[in-house]
Amino acid sequence: MRQLLLVYVILCCLSLAHPFCPSQCTCVLHGRTDGARTRSVVCNDPDMSDVPVNVPVDTVKLRIEKTMVRRIPTEAFYYLVELRYLWITYNSITSVDSAGFYNLKVLHELRLDGNMISVFPWESLKEMPMLRTLDLHNNRITNVPNEAIPYLFNITYLDLSSNKLATLPSDLMDIWPPFNGAPIFANASQKVVLGLQDNPWFCDCKISKLIELSKMSGTPVVLMDLFMACSGPENLAGFPFQRAELDNCVKPSIMSSATKITSDLGSNVILRCDATGFPTPSLSWASSDGSPVDNTVQESPGDGIRWSIMSLHGISFEDAGNYNCKAKNYAGNAEATISVSVAGDISTTIVPLRLINKTEPTKQVTTVIPPTDTPISTTMMTTAIPTTSTTSTTSTTATTATTSTTATTSTTSAAPKRPKTTTSKNLQKGPLKQAKPQPGGDGRKLAADEKSKIIDKSKSVKDIKIVEETSDTAVLLWRADGLPNDAPLTVVYSPYDEDDMKRTVETKAGSGKVLLEGLSSGMRYSVCLIVKGSAAGKDPCTEFYTLDDVEDGDKLFIFISGIACILVMSLIALLLYNIIDLYYKGHNTEYDEEELEKDSYVKFETISMKQRTLNGQPTQLWASRATHESERMLLCSRSSNDSQITSKSDSSRCEYLC
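What you are looking at is a predicted structure, and each value in this text was computed from that prediction instead of being measured.

## Brief notes about the overall build of the protein chain
(1) Moving on: Within the protein chain, the regular secondary structure consists of six helices and 35 strands.
(2) Moving on: The buried share of the protein chain, taken over its 658 residues, is 33%.
(3) Moving on: The long-range share in the protein chain, meaning contacts at least 24 apart out of those at least 6 apart in sequence, stands at 59%.
(4) Moving on: For the protein chain, the exposed surface amounts to about 40300 Å²; the carbon and sulfur share of it is 54%.

Following this line, the structure appears as structure tokens:
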């Protein structure tokens, strides 16, 4: 008896040692070949209405199936830090909290198929960085937003079949090959499985990449069902994706004005690219490090065409590098690269140093070295100004030291770096000897350089003004003073204080005028003439106002009103004419009685009662009137047309058929 009691106590202790299992669930402990043990919990009680909260913390796999659970609340599984598989299938779930999967850091597989979810919290996927399988099959999802794309990069199994999806964001397919630009390998070890069948797809350009993918073979992306079909538009309803041909859906193609440009230091550079495609592609510029460029202007002159211009004013060495023009629409992407190099001179003047107590003069030379990762071809000049001694009877002059550095590097560099500065001391040793100025030496060269600069400054564009302003155009006039006729000019104009709407026109200095088109009525505009090689910020500019189009509107209103008045007056005159005509006709419609008698077959007279003798008995009264014989012949007839009575006696009775 004592032995039995001891066994019972031991069993009770062992049962208490195991974690508690929910009453409506079944807990199973699995052994593995490596000796470790894993726990799985299955909850399939039809009466369960809430997610269980007392699941063992060492659970690796949790299945909640065929229950009455309707929602997943906040932090429903936060304590299950070892959970790798979560199946909540074929329940009645309609809503999922955005923090419902909080703290599931090692979750590998999430299945929510067979529920009634219409909106899925895609941002909740960031709480599951190890997630690879997402099954949302057989729900009521109608939309996959663009915000969901960043959370799907690591997903290798995505099932959205049997939902109510009519379209997908075009950028979604760009995260997988071949649309992400990665090379395609037929024997790739890792595949991406997509389940998108049984949805009412509207086959337009937005899902053109999905349709294109269904026609490919040997790609890393595998569709569960290749034979998806279109539900709309009407001309494609019922067509499988492999046979669907989309109208007005063309990938963009892009063309740049140049692929490589070398410009002088301080000059103005304009880059242009043109793109075609349908729908009309959008254009954007980015520098070599991927950062966007803002000083751009773009315009679409028609459907399927767009061009864009990027301007660099007063270009410096830091502006050198690669610039990418990117075109994008629903059907695909395209890109063009333009490499910009800067060439020019930088001069550095050395500050003079005084000699003390007749010691050897020291001199500090600063050399500017261009960055080695920037595409620059330039010559750096360093000039030392002669130094003089203030001590007695000694006057020395340092000779001019010139350092020339030339650097040429690749055009595929990263972001430009600042120039490096190195210092060299005691470049000259020993006593300084006085150097006499030589005719035609450096002093004359410097003077010539200054003179040339003055001459260059005198060559400019003057007398810039606007004439012939209309509501949408204006004519710009200028006078080229000292510039050659074929010198290139760039006209830049935009609404006042709206630099993001700049437009440019290329012309020659000798033309003297240019027509500015595409203006808005009643607006203030600023226009500048940019001469190649001019200093930044010193370009001649002017401002003007376009005319209001109210005058044209008044003219149109007056014209229409005049036509309306003419029509109304004509109708009134016609109406008066008809009234007068009817009035006069009413007074001239009296006819003579004789003409009426001639025109009538029967004269209508007063009928009087008269006693007539019938069969010798004058006892009957007859209505009669005096008639001529011809009238009696007309009115008196028999039922038979063959027997016509030519004569009548008073005793005969006629049948009058009228």
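## Some thoughts on the side chain of Ser170
(1) Moving on: When you line up the elements, Ser170 lands in the loop between β9 (157-159) and β10 (192-195).
(2) Moving on: Among the residues examined, Ser170 registers a relative accessible area of 11% and is labelled buried.

## A look at the pattern of salt bridges
When their charged atoms lie close together, side chains carrying opposite charge are able to pair.
(1) Moving on: Scanning all chains against the criterion turns up twelve salt bridges.
(2) Moving on: Across the salt bridge formed by Arg63 and Glu65, the nearest N and O atoms sit 2.9 Å from each other.
(3) Moving on: Given the relative accessible area of 14%, Glu65 is considered buried.
(4) Moving on: A salt bridge links Glu127 to Lys105; its shortest N-O distance comes to 3.5 Å. A residue pair is termed long-range when its members are at least 10 positions apart, and Glu127 in the loop between β7 (109-111) and β8 (133-135) and Lys105 in the loop between β6 (95-96) and β7 qualify at 22 residues.
(5) Moving on: Residues joined by salt bridges that share partners form a network here, namely Glu109, Arg111 and Asp135.

## Side note on the sheet that holds strand β27 (residues 460-467)
(1) Moving on: Taken in spatial order, the three strands of this open sheet run β27-β28-β31, and their pairing is antiparallel. Both outer strands of the open sheet, β27 and β31 (513-516), are each paired with one neighbouring strand and no more. Within the sheet, the average angular offset between the axes of one strand and its neighbour, ignoring direction, is 20 degrees.
(2) Moving on: Sheet topology places strand β28 (residues 474-481) next to β31; four bridges connect them, and they run antiparallel. Looking across to β31, one finds that Leu476 is bridged to Val514.

## Looking at the sheet that holds strand β16 (residues 269-278)
(1) Moving on: Overall, antiparallel pairing links the four strands, which are arranged β14-β16-β19-β18 in an open sheet. Each edge of the open sheet carries a strand with a single partner, namely β14 (250-256) and β18 (296-302). Neighbour-to-neighbour, the strand axes of the sheet open up by a mean angle of 20 degrees, direction not taken into account.
(2) Moving on: Pairing of β16 with strand β19 (residues 305-312) involves eight bridges; the strand directions are antiparallel. Bridge assignment links Cys273 to a residue of β19, and that residue is Ser308.

## Here we look at the nonpolar core
(1) Moving on: In terms of nonpolar packing, the biggest core is built from 63 residues, with Leu62, Phe77, Leu86, Phe101, Trp122 and Leu210 touching the most fellow members.
(2) Moving on: Broken down by secondary-structure element, the contributors of at least two residues to this core are β2 (37-43), β3 (59-65), β5 (85-89), β10, α2 (208-214) and β12 (221-223).
(3) Moving on: Apart from the residues lying within four places of it in its own chain, the contact partners of Phe77 are Val51, Leu62, Ile72, Leu86, Ile88, Gly100, Phe101, Tyr102 and Leu104.
(4) Moving on: Ile464, Leu476, Ala487 and Leu489 belong to the second largest nonpolar core, which has 20 residues in total.

## A short note on the environment of Glu109
(1) Moving on: Inspection of the secondary structure assignment puts Glu109 in strand β7.
(2) Moving on: Considering only alpha carbons, one finds Glu109 and Asp135, 26 residues apart in sequence, at a separation of 8.3 Å.
(3) Moving on: Excluding residues within four positions of it along the chain, Glu109 makes contact with Arg84, Tyr85, Leu86, Trp87, Leu131 and Thr133.
(4) Moving on: Side chain to side chain, Glu109 and Arg111 meet in a polar contact 2.7 Å long.

## Some points on the state of the cysteines
(1) Moving on: According to the stated counting rule, one finds six disulfides in the structure shown.
(2) Moving on: Here Cys205 connects covalently by a disulfide to Cys249, the sulfurs 2.1 Å from one another. Taking the torsion about the sulfur-sulfur bond, which here is approximately 75 degrees, the covalent link between Cys205 and Cys249 counts as right-handed. Placement of Cys205 in the loop between β11 (201-202) and α2 and of Cys249 in the loop between β13 (230-232) and β14 is noted, with a sequence separation of 44 residues between them.
(3) Moving on: For Cys249, a relative accessible area of 19% puts it in the buried group.
(4) Moving on: A sulfur-sulfur distance of 1.9 Å marks the disulfide that ties Cys528 to Cys541. Every disulfide takes its handedness from the sign of the S-S torsion; for Cys528 and Cys541 that torsion is 110 degrees, giving right-handed. Of this pair, Cys528 sits in strand β32 (residues 524-531) while Cys541 sits in strand β33 (residues 541-545), placing them 13 residues apart in sequence.

## Re the packing of aromatic side chains
(1) Moving on: Under the counting rule described, the total for this entry stands at four aromatic pairs.
(2) Moving on: On the basis of an interplanar angle of 90 degrees and a centroid distance of 5.6 Å, the ring pair of Tyr78 and Tyr79 is categorised as edge-to-face.
(3) Moving on: Assessed through its relative accessible area of 42%, Tyr78 is described here as partly exposed.
(4) Moving on: On the numbers, 5.7 Å between centres and 80 degrees between planes, the contact of Tyr583 with Tyr584 is edge-to-face. Residue Tyr583 shares its accessibility class with Tyr584, and that shared class is exposed.
(5) Moving on: Here Arg272 stacks its cationic end above the ring of Trp307, 4.8 Å away from the centre of that ring.
(6) Moving on: Over the ring of Tyr496 we find Arg524, and its NZ or CZ is 3.7 Å from the ring centre.

## Details of unusual backbone geometry
For residues that are not glycine, phi is negative in most cases, and the peptide bond is trans in most cases.
(1) Moving on: Here the amide bond leading from Gly232 into Pro233 is cis, since omega sits at -5 degrees, within 30 degrees of zero.
(2) Moving on: Secondary-structure assignment places Pro233 in the loop between β13 and β14.
(3) Moving on: Of the consecutive residues Phe278 and Pro279, the connecting peptide bond is found in the cis state with omega at 0 degrees.
(4) Moving on: Its location among the elements puts Pro279 in the loop between β16 and β17 (282-287).
(5) Moving on: If you check the backbone angles, Glu75 has positive phi at about 50 degrees while not being a glycine.
(6) Moving on: Of note, Glu75 is situated in the loop between β4 (71-72) and β5.
(7) Moving on: A positive phi angle is found at Asp198, which is not glycine, with a value near 60 degrees.

## As for the pairing of β5
(1) Moving on: Taken together, the five bridges between β3 and β5 define a ladder with parallel strand orientation. Counterpart to Ile64 in the pairing with β5 is Ile88.
(2) Moving on: With three bridges joining them, β5 and β7 adopt parallel strand pairing. Along β7, the bridge assignment pairs Leu86 with Leu110.

## Side note on the environment of Pro145
(1) Moving on: Summarising the element assignment, Pro145 is placed in the loop between β8 and β9.
(2) Moving on: Classification of Pro145 by relative accessible area gives partly exposed; the value is 23%.
(3) Moving on: The spacing of Pro145 and Leu168 is 23 residues in sequence and 7.9 Å in space, taken between C-alpha atoms.
(4) Moving on: If we skip the residues at most four places from it in the chain, Pro145 touches Trp122 and Pro169.

What counts and how
- Residues numbered from 1 in each chain as written.
- Predicted model: local features only at pLDDT ≥ 70, side-chain atom pairs only at ≥ 80, totals over all residues.
- Heavy atoms only, no water.
- Helix = DSSP H or I, 4+ residues; strand = E, 2+ residues; numbered from the N terminus.
- Buried < 20%, exposed > 50% of the residue type's maximum accessible area, 1.4 Å probe, protein only.
- Contact = heavy atoms within 4.5 Å.
- Areas by Shrake-Rupley, 256 points an atom, 1.4 Å probe, with all protein chains shown as cover.
- Salt bridge = Lys/Arg side-chain N within 4 Å of Asp/Glu carboxyl O.
- Pairing = 2+ DSSP bridges.
- Axes fitted to C-alpha atoms, helices over the stretch in contact; angles between N-to-C directions.
- Core = buried A, V, L, I, M, F, W, Y, C linked by side-chain atoms within 4.5 Å.
- Polar contact = N/O pair within 3.5 Å; in protein donor to acceptor, adjacent residues only side chain to side chain.
- Disulfide = S-S within 2.5 Å.
- Phe/Tyr/Trp six-rings, centres within 6.5 Å; stacked < 30°, edge-to-face > 60°.
- Lys NZ or Arg CZ within 6 Å of the ring centre and 35° of its normal.

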